[in-house]
Amino acid sequence: MNLATSSSLEGKKTKTFTHKEYLVLAVPLIISGISTPILGAVDTAVVGQIPDPASLGGVAIGAVIFNTMYWLLGFLRVSTSGFTAQAEGAKDQNEILLSFLRPMIMAVLFGLIFILLQQPILQLALRLLGGSENVSGFAATYFSIRIWSAPFILLSYVMIGWLIGMGKVRLALATQITMNVLNIILDIVFVLGLGMGVSGVAYATLISEVSAVILGAWFIVYANREKIAQINMQMILQSTQVIKMLKVNRDLFLRTVCLLIMTGVFTAKGANMGEVTLAANAILLQIHYIMAYLFGGFANASSILVGRAIGGGSLSLYKRAYVLSAQWGFVSAFLLFFFIFLLGPEIISFFTTIVDVRMVASDLLIWLLIFPFVGFWGLQLEGIFSGATEAKSIRDSIAIALSIFLVAIWLFVPLYQQHGIWLAFVLFSLARSFFLSLYVPKLSRSHF
């Protein structure tokens, strides 16, 4: 199937949107999404071949710092996708391009701010996350190199979001796959081939992120160069649309703050229990991210359909997106459960050769068997609400889930140690799913 045929199919509005058509959208998005945590998994696995848990812990803490910075601005991708899908559904050509240009300006500004404030950010993060002196040293090395790609990775968020919103999932996939394959190759060359250690991992990521943005920018700008030339600054700064974008981005920002508080507390609690527990948790979190991004592929497909349904006023397409998201999310939960149940120890062995880390990670593996069932619906619903650019409900539900997580950490960690951390995480995922589902009737009434 060529790109033109794919785009036509992806944009199709029909009352009987089939499973096959849904998978045409979802599968490339799953591959695109999973490529991101697989990238982190390869980083972790490559560093795990170094016989020093501090190296693995340092990369884990460095990754948490960047996840914190970039997840805070994850709204650049999520809101761009929602606004673009709605503009595409309404067939508003100018607004389609403006949905790309407005967040692009924000991405560059925030990336430059991160570079200028890199030292205060690093010192504050290391103070909050803890870890031994060796771990902190490796984390600082990783951070000081990778920080220079900040404007590029944020621009890639906007580009990926815009391409997804347009339904050009194959171009989005090509951009991310290029970045991640290049990163994997450079990881192996720099770390295992040249012995550069943690610095090699950081340089590999820096080079791949910059390369991906150059490729993605060429795709978008070249294909739309004549239309972009007709856009002026007054159109970009049109107050009604800018205010709407800022409100949605504010709520998504606060949602991400809640997620990052949870992740930060989770990581800090593991770090306080020693380098082995920190490294084991880092491995299991990487596996969890792969599962979450798989669900995210279906959620992104639903987001495209919901955005177009609202932009085009199609209630039938909205309902179909909801049903397909639920069905495929549930099937994925079962498949992931059996995959982890059958191959969990082998997957852990892929990440590290350190026997103590393997033992702790294997002991905690049961929590990854539970996660798919308690977490999938919240992730699916976030795709539906994002396509509708209704972020307030996402913000409120995850704030409640965070409160439950913090209480669970306080209650269960003293009793069950590292198992208490994962119990709190599972309760957070369950609460995220349950409370967001309570807002679904309101979402339907507000748009149809």
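The structure reproduced in this document is the subject of the present report. Source: prediction; values computed, not measured.

Criteria and cut-off values
- Residues numbered from 1 in each chain as written.
- Predicted model: local features only at pLDDT ≥ 70, side-chain atom pairs only at ≥ 80, totals over all residues.
- Heavy atoms only, no water.
- Helix = DSSP H or I, 4+ residues; strand = E, 2+ residues; numbered from the N terminus.
- Rg over C-alpha atoms; globule rule 2.2 N^0.38 Å.
- Buried < 20%, exposed > 50% of the residue type's maximum accessible area, 1.4 Å probe, protein only.
- Contact = heavy atoms within 4.5 Å.
- Areas by Shrake-Rupley, 256 points an atom, 1.4 Å probe, with all protein chains shown as cover.
- Lys, Arg positive; Asp, Glu negative; His and termini not counted.
- Charge placed at Lys NZ, Arg CZ, Asp CG, Glu CD.
- Phe/Tyr/Trp six-rings, centres within 6.5 Å; stacked < 30°, edge-to-face > 60°.
- Patch = residues over 30% accessible without salt bridge, like charges linked within 9 Å, V, L, I, M, F, W, Y side chains within 5 Å.
- Salt bridge = Lys/Arg side-chain N within 4 Å of Asp/Glu carboxyl O.
- Axes fitted to C-alpha atoms, helices over the stretch in contact; angles between N-to-C directions.
- Parallel < 35°, antiparallel > 145°, perpendicular 65-115°, else oblique.
- Left-handed = near helix turned anticlockwise from the far one by under 90°.
- Nonpolar A, V, L, I, M, F, W, Y, C, P; charged D, E, K, R; others polar.
- Expected span 1.5 Å × (residues − 1).
- Bend = angle between axes of the 7 residues up to and from the residue.

Details of the overall build of the protein chain
Turning to step 1, where the next piece is worked out: The helix and strand tally for the protein chain stands at 20 helices and zero strands.
Turning to step 2, where the next piece is worked out: Against the 2.2 N^0.38 benchmark of 22 Å for 448 residues, the protein chain shows a C-alpha radius of gyration of 21 Å, consistent with a compact globule.
Turning to step 3, where the next piece is worked out: With respect to the principal axes defined by its C-alpha atoms, the protein chain has extents near 55 × 40 × 40 Å.
Turning to step 4, where the next piece is worked out: Within the protein chain, buried positions represent 57% of all 448 residues.
Turning to step 5, where the next piece is worked out: Across the protein chain, every contact between residues at least 6 apart in sequence was considered, and the portion connecting residues at least 24 apart equals 84%.
Turning to step 6, where the next piece is worked out: Here the protein chain displays about 18000 Å² of accessible surface, and carbon together with sulfur accounts for 69% of that area.
Turning to step 7, where the next piece is worked out: Seen as two clouds, the 27 positive and the 19 negative side-chain charges of the protein chain have centres 14 Å apart.

Brief notes about the side chain of N249
Turning to step 1, where the next piece is worked out: Position of N249 relative to the elements: it lies in helix α13 (residues 239-272).
Turning to step 2, where the next piece is worked out: Of the residues examined, N249 reaches a relative accessible area of 4% and is grouped as buried.
Turning to step 3, where the next piece is worked out: Leaving out residues up to four positions away in the same chain, N249 has contacts with F75, S79 and M106.

Considering the packing of aromatic side chains
Turning to step 1, where the next piece is worked out: Here the structure, examined in full by the defined rule, presents 22 aromatic pairs.
Turning to step 2, where the next piece is worked out: With a centroid separation of 6.2 Å and an interplanar angle of 5 degrees, the aromatic rings of Y22 and F298 are classed as stacked. With Y22 in helix α2 (residues 19-48) and F298 in helix α14 (residues 275-312), this pair connects stretches of sequence that are 276 residues apart.
Turning to step 3, where the next piece is worked out: On the basis of an interplanar angle of 75 degrees and a centroid distance of 6.1 Å, the ring pair of F405 and F428 is categorised as edge-to-face.

With respect to unusual backbone geometry
Turning to step 1, where the next piece is worked out: One non-glycine residue, T389, lies in positive phi territory at about 45 degrees.
Turning to step 2, where the next piece is worked out: For T389, the location among the structural elements is in the loop between α17 (366-387) and α18 (391-416).

Quick word on a nonpolar patch on the surface
Turning to step 1, where the next piece is worked out: A surface patch of nonpolar side chains, about 780 Å² in accessible area, is lined by F330, F334, F338, F339, F341, L342, L343 and F373.
Turning to step 2, where the next piece is worked out: The dominant element in the nonpolar patch, judged by the number of residues it contributes, is helix α15 (residues 315-351), at seven residues.
Turning to step 3, where the next piece is worked out: Take F334: it is sitting in helix α15.

Looking at the packing of helix α6 (residues 118-129) against helix α7 (residues 133-146)
Turning to step 1, where the next piece is worked out: At a minimum axis separation of 11 Å, α6 and α7 run at an interaxial angle of 150 degrees. Between α6 and α7, the crossing angle belongs to the class labelled roughly antiparallel. For the element pair α6 and α7, the recorded crossing hand is right-handed. Contacts from Q118, I121, L122 and L126 of α6 reach α7 at S136, A139, A140, F143 and S144.
Turning to step 2, where the next piece is worked out: Of the residues that constitute the contact of α6 with α7, the class distribution is six nonpolar, three polar and no charged.

As for the pattern of salt bridges
Turning to step 1, where the next piece is worked out: This structure, assessed with the given rule, holds nine salt bridges.
Turning to step 2, where the next piece is worked out: Its salt-bridge partner being D396, residue K392 comes within 3.3 Å of it at the nearest N-O pair. Residue K392 and its partner D396 are both found in helix α18; the two are separated by four residues, about one turn of the helix.
Turning to step 3, where the next piece is worked out: A salt bridge links R395 to D396; the shortest N-O distance between them is 2.9 Å.
Turning to step 4, where the next piece is worked out: A relative accessible area of 18% places R395 in the buried class.

Here we look at α18
Turning to step 1, where the next piece is worked out: Spanning 26 residues, α18 covers 35 Å between terminal C-alpha atoms, matching the ideal 38 Å at 1.5 Å per step.
Turning to step 2, where the next piece is worked out: Within α18, the axis deviates most sharply at I409, by approximately 30 degrees.
Turning to step 3, where the next piece is worked out: Residues A391, S393, I394, R395, S397, I398, A401, L402, F405, A408, I409 and V413 constitute the buried set of α18.
Turning to step 4, where the next piece is worked out: Of the residues trailing α18, Q417 is marked for its positive phi of about 55 degrees.

Section: the environment of A150
Turning to step 1, where the next piece is worked out: Checked against the element boundaries, A150 lands in helix α8 (residues 150-165).
Turning to step 2, where the next piece is worked out: Residue A150 is classed as buried on the basis of its relative accessible area, which comes to 0%.
Turning to step 3, where the next piece is worked out: The contact partners of A150, leaving out residues within four places of it in the chain, are Y70, G111, F114 and I115.

Observations concerning the side chain of S393
Turning to step 1, where the next piece is worked out: With respect to the helices and strands, S393 occurs in helix α18.
Turning to step 2, where the next piece is worked out: Taking the relative accessible area as the measure of exposure, S393 reaches 11% and is therefore buried.
Turning to step 3, where the next piece is worked out: Not counting residues up to four positions away in its chain, the partners in contact with S393 are F385, L436 and Y439.

Topic: the packing of α8 against helix α10 (residues 197-223)
Turning to step 1, where the next piece is worked out: Following both chains from N to C, one finds α8 and α10 inclined at 40 degrees, their axes separated by 9 Å at the closest point. With respect to α10, the element α8 is oriented oblique. Once α8 is placed against α10, the crossing between them reads as left-handed. Listed contacts from α10 to F152, I153, L155, S156, M159, W162 and L163 of α8 are E209, V210, A212, V213, G216, A217 and I220.
Turning to step 2, where the next piece is worked out: Classifying every residue of the contact of α8 with α10 by side-chain character gives eleven nonpolar, two polar and one charged.

Details of the environment of I65
Turning to step 1, where the next piece is worked out: Looking at the secondary structure, you find I65 in helix α3 (residues 53-72).
Turning to step 2, where the next piece is worked out: Classification of I65 as buried rests on a relative accessible area of 3%.
Turning to step 3, where the next piece is worked out: It is 17 Å that separates the C-alpha atoms of I65 and E133, two residues lying 68 residues apart in sequence.
Turning to step 4, where the next piece is worked out: Contacts of I65, omitting those with residues within four sequence positions, involve I121, L122, A125, L126, L129 and F143.

That's the geometry; what it means functionally is another story.
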